[in-house]
Amino acid sequence: MELIPNPDSLGLPGPVWFLLLLHETTQTIHFVFMNFVLGGSWFLLWLHFGRKVDWKEQLYQRCLSVMPIALSMTITFGIAPLLFVQTLYGQFFYTANVIMGGFWLGLLAILVVAFYLVYVLKAKRGSDDRYSSPSIRFVLHLVIALGFTIIAFLHTANGVLTVSPHLWESAYSDSLWGTLFGKSDLLVPRFLHNLVGALGIAGIWIVWIGNYRGSLNPSEQARSGVLLSAGATMLQMVLGFWYLSALPSEMVKTIMRVDSSLGWHFAGSIAVAIPFVVCVIALTAVPCHRGLRWLTSTIGSLLVFGMVTFSGKVREALLVEHFDLSQWTVNTQSGPILVFLTLFSLGLVCIGWIAWILWNGFAESSEVTEESLY
Amino acid sequence: MWEYPTWEVPGLGSGMVIGLIATVHVLVAHFSVGAGVILAIGETTARRNKDLSLLAFLKIFSKWLLLIGFVFGAVSGVAIWFSISLAATRATSMLIHTFVWFWAIEWVFFLVEIVAGYAYYSSWGRVPARHHLVLAWIYASAAWMSLFVISGILSFMLSPGKWLETGNVWDGFLNPTFLPTVFLRTLSSLGLASLSAMVIVNLYSKFSRDERTRIINFAAQFLWPLVLMLPVAYWYFEGIPSFAKTLIQGGAAAMTLFFLFGIAASTLVGVYAYFGLIRAKRYINLETALLLLSIAVIATVSMEFVREGIRKPYIIYDRLYANNLAVDEVERANSEGVLASAPWKRIGLPEHPDPHLLGEKMYEIQCSGCHVMNGFNDVGLLIDGWPKEMLAYNLDRLHQLKPFMPPLVGTEEERRALVIYLMNLQDNEGANPDRKEVARDGIDSQS
């Protein structure tokens, strides 16, 4: 296709498998945090109406406290896959960006506004403050949740445009500012799949928050998260089939064949999804069971990873007639890779230490004064 | 050559969008780095001297860092990524395929910076003092290392050095202006954070006048390194390409003025801090602090403007022109034509477009990134009143007559088509009825 740019002549600075591994691992972490931000923002809107009940008020405040940190981690862990997708699929990704240019940049304006609104809600104020009015807080919650949903939609649209070069010409010609609504059958089911998936994973986050030490009625708190997760997961199955049916029929046939790479990835994702559903159902009965929480969370994270890798395979398959990753010339930069891996390992150790001192510090103390620390 | 679609931003131009976002981000990012140093040294000092008011201030300061640096700074950093991929797509692709591991390294530091920063802010009074202090130093180190790494990539764009011959990524990273860039940015970071601290302390009435004075005098210690701005700028100057030097040395009056202003403003703030705030231990109120911060902001913005400006006509020096044409592609573009290598501009175009249409496409491909029709740096105003021969003569020798602009490339037919298009712009007042009026007013006012 004439409009597809050539891959960059500088080639890849590292092996394809390594770049893919980094891309998919970091994107999985990004999704785990993002799912709480997106799904959690709608959950908070619902929870807002029940704040007269003590345990709901506590859960509301705790979810609100987690939100900015999760948001910050979503952004930070979004940067890494952004780097690697540009490296691997730059010619498709950049083109999609330009086609939906104004919207693509605009999503960050929405993000910054929503981020600050979270802090407005989180700020502790006196009861006479206008931001404590339930109706104003409802509006703020709605704006935040809609903002995150629009961002998710724009990201989905970008992903769809990236793998749909046949839509580029008409989408670009519509407006030089860039339009995103390329007429693709994939857009709506993929977006709903992402949105509902976010609710499912957010539910697991809420189970953990509900079980945090000092919880009032932890089983009710956790159960509200499990029910959200269970409902979303059931709906997700229907949406998954819709999304699957929107893919080109030839690809669906390939997915159904277990002797294909795509088929294996799909089978792998389903194989992880089934125990996840079982765990979620079991959690509805014992929402405070520590071992089950860990198991569900681990399988849930694996499921997100499975979906990310399957999605990567679908991208490969949709683009294969135009480009194959094996076409890249690889000029491995061993020195910088070694430095990166060393620093990444040290960084993880550092983050581990920070998590450890925070866990211990928060366990041992309530608020104390600076004087007492000398 | 022009394989990517172009992103048109009416009135402003895509290049200006990058400039605006990058400028705001640089200010916030520098504040975040400098704030880390102030927090780490400040908490060490406060705990050693049992200075509770300084400690109380640092807690407030860390909240500002969170709200400005971690929210706006993080999002504006991503916005730079988004905007460069829209407006300078080819350059972004070249940079990412050269430096992805360095960006990945920078990301590691950024990740540690964010985690340590949140931990630091949320653990005041909740973890032992020594742990809190370690968090401050982790944050400060990671933030500065992030600056260190990104400086290598930013300075590469102006002075790729030996990379042009060897293609070795280390040659590109450790380029001639890398270290002076690190120093300049460190000084700027300290200055912006220090002056911000002086503004912030004045916003809180809970601090007495004496406490404020002590905190201001403490923050001022991070300003006196600004007196090093002049020698470090000279070091930087020595590393930049010779044509870039001529632009600063009067080749482009705006560059010279902004450069001198940036140096002078930074040095003056440093001298004032040393004599007024550190030696004489004076107090400054909110208005004065805001004024000083504004001067520092303008100085930083000026230096960023100069850094971007002296890189012209390139995005990546001696490799890629500002209009996405590679240096080694000029001959091919002249022989094969511009439109032949710009598939997105051929959409909907007849096989043999008339000269006006062809000229319009030439303009969109090579000119519109900097010259926005009826908008920023409108070319119509710049060529108003020019006869056709003069226009053609200038365009053919663009890179000689205006060496900060990329050469105009294309076949003879394409070049002539651009002349016709631009002449039609002059004749057609309907395109911008105010344009001639504005130009005429300008001439009248000069006379």
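Residues numbered from 1 in each chain as written. Chains lettered and ligands numbered in written order. Predicted model: local features only at pLDDT ≥ 70, side-chain atom pairs only at ≥ 80, totals over all residues. Heavy atoms only, no water.

Colleague: Can you walk me through the overall build of chain A in this structure?
Modeller: Along the backbone of chain A there are 11 helices and zero strands. Walking chain A from its N terminus toward its C terminus, one meets helices and strands in the order α-α-α-α-α-α-α-α-α-α-α. Against the 2.2 N^0.38 benchmark of 21 Å for 374 residues, chain A shows a C-alpha radius of gyration of 22 Å, consistent with a compact globule. Referenced to the eigenvectors of the C-alpha coordinate spread, the extents of chain A come out at roughly 65 × 45 × 40 Å. Look at the contacts in chain A between residues 6 or more apart in sequence, and 80% of them connect residues 24 or more apart. Accessible area for chain A stands at about 16,200 Å²; split by element, carbon and sulfur atoms hold 69% of it. Across chain A, 19 positive and 20 negative side-chain charges occur, with their mean positions spaced 10 Å apart. (Helix = DSSP H or I, 4+ residues; strand = E, 2+ residues; numbered from the N terminus. Rg over C-alpha atoms; globule rule 2.2 N^0.38 Å. Contact = heavy atoms within 4.5 Å. Areas by Shrake-Rupley, 256 points an atom, 1.4 Å probe, with all protein chains shown as cover. Lys, Arg positive; Asp, Glu negative; His and termini not counted. Charge placed at Lys NZ, Arg CZ, Asp CG, Glu CD.)

Colleague: I would appreciate a short explanation of the interface of chain A and chain B in the present structure.
Modeller: How large an interface is tends to be reported as the accessible area lost when its parts come together. Every contact between the two is made by 78 residues of chain A and, on the other side, 74 residues of chain B. A combined buried area of about 7,100 Å² lies between chain A and chain B, and 76% of that area is made up of carbon and sulfur atoms. On the surface where chain A and chain B come into contact, there are one salt bridge. Counting across the interface, chain A meets chain B through 14 residue pairs in polar contact (both at pLDDT 80 or more). Elements with a minimum of two residues in the side of chain A that touches chain B: helix 1 (16-48), helix 2 (54-99), helix 3 (101-122), helix 5 (165-174) and helix 11 (334-364) of chain A. Within the side of chain A that touches chain B, the residues separate by chemical class into 51 nonpolar, 21 polar and six charged. (Buried area = accessible area lost by both parts, 1.4 Å probe. Salt bridge = Lys/Arg side-chain N within 4 Å of Asp/Glu carboxyl O. Polar contact = N/O pair within 3.5 Å; in protein donor to acceptor, adjacent residues only side chain to side chain. Nonpolar A, V, L, I, M, F, W, Y, C, P; charged D, E, K, R; others polar.)

Colleague: Could you clarify how one ought to interpret the nonpolar core in this entry?
Modeller: Soluble globular proteins tend to bury their nonpolar side chains together. One finds F57, W101, M198 and L422 of chain B to be the most contacted residues of the largest nonpolar core, which totals 280 residues. Per-element tally for this core: the top contributor is helix 2 of chain A, with 25 residues. Summarising the domain contributions, this core has at least three residues from each of domain 1 (14-321) and domain 2 (333-446) of chain B. Among residues more than four places away in sequence, those in contact with F57 of chain B are A197, I200, V201, F207 and I215 of chain B. (Core = buried A, V, L, I, M, F, W, Y, C linked by side-chain atoms within 4.5 Å. Buried < 20%, exposed > 50% of the residue type's maximum accessible area, 1.4 Å probe, protein only. Domains from an automatic or database assignment.)

Colleague: Would you explain the pattern of salt bridges in this entry?
Modeller: Opposite charge on two side chains lets them pair, provided their charged atoms get close. Residue and element names in this part refer to chain B. This model, assessed by the stated rule, comprises 19 salt bridges over all chains. The salt bridge partner of K345 is E8, with a shortest N-O separation of 3.6 Å. A residue pair is termed long-range when its members are at least 10 positions apart, and K345 in the loop between helix 13 (330-336) and helix 14 (355-366) and E8 in the segment before helix 1 (14-49) qualify at 337 residues. A relative accessible area of 19% means that E8 is categorised as buried. E308 is the partner of R307 in a salt bridge, and the nearest nitrogen-oxygen pair spans 3.4 Å. Of the residues examined, R307 reaches a relative accessible area of 12% and is grouped as buried. Residues joined in a network through salt bridges with shared partners are R185, E304, R307, E308 and R311.

Colleague: What am I meant to see in the environment of T288 of chain B here?
Modeller: Residue placement: T288 of chain B occurs in helix 12 (residues 286-309). With 71 residues separating them along the chain, T288 of chain B and N217 of chain B place their C-alpha atoms 14 Å apart.

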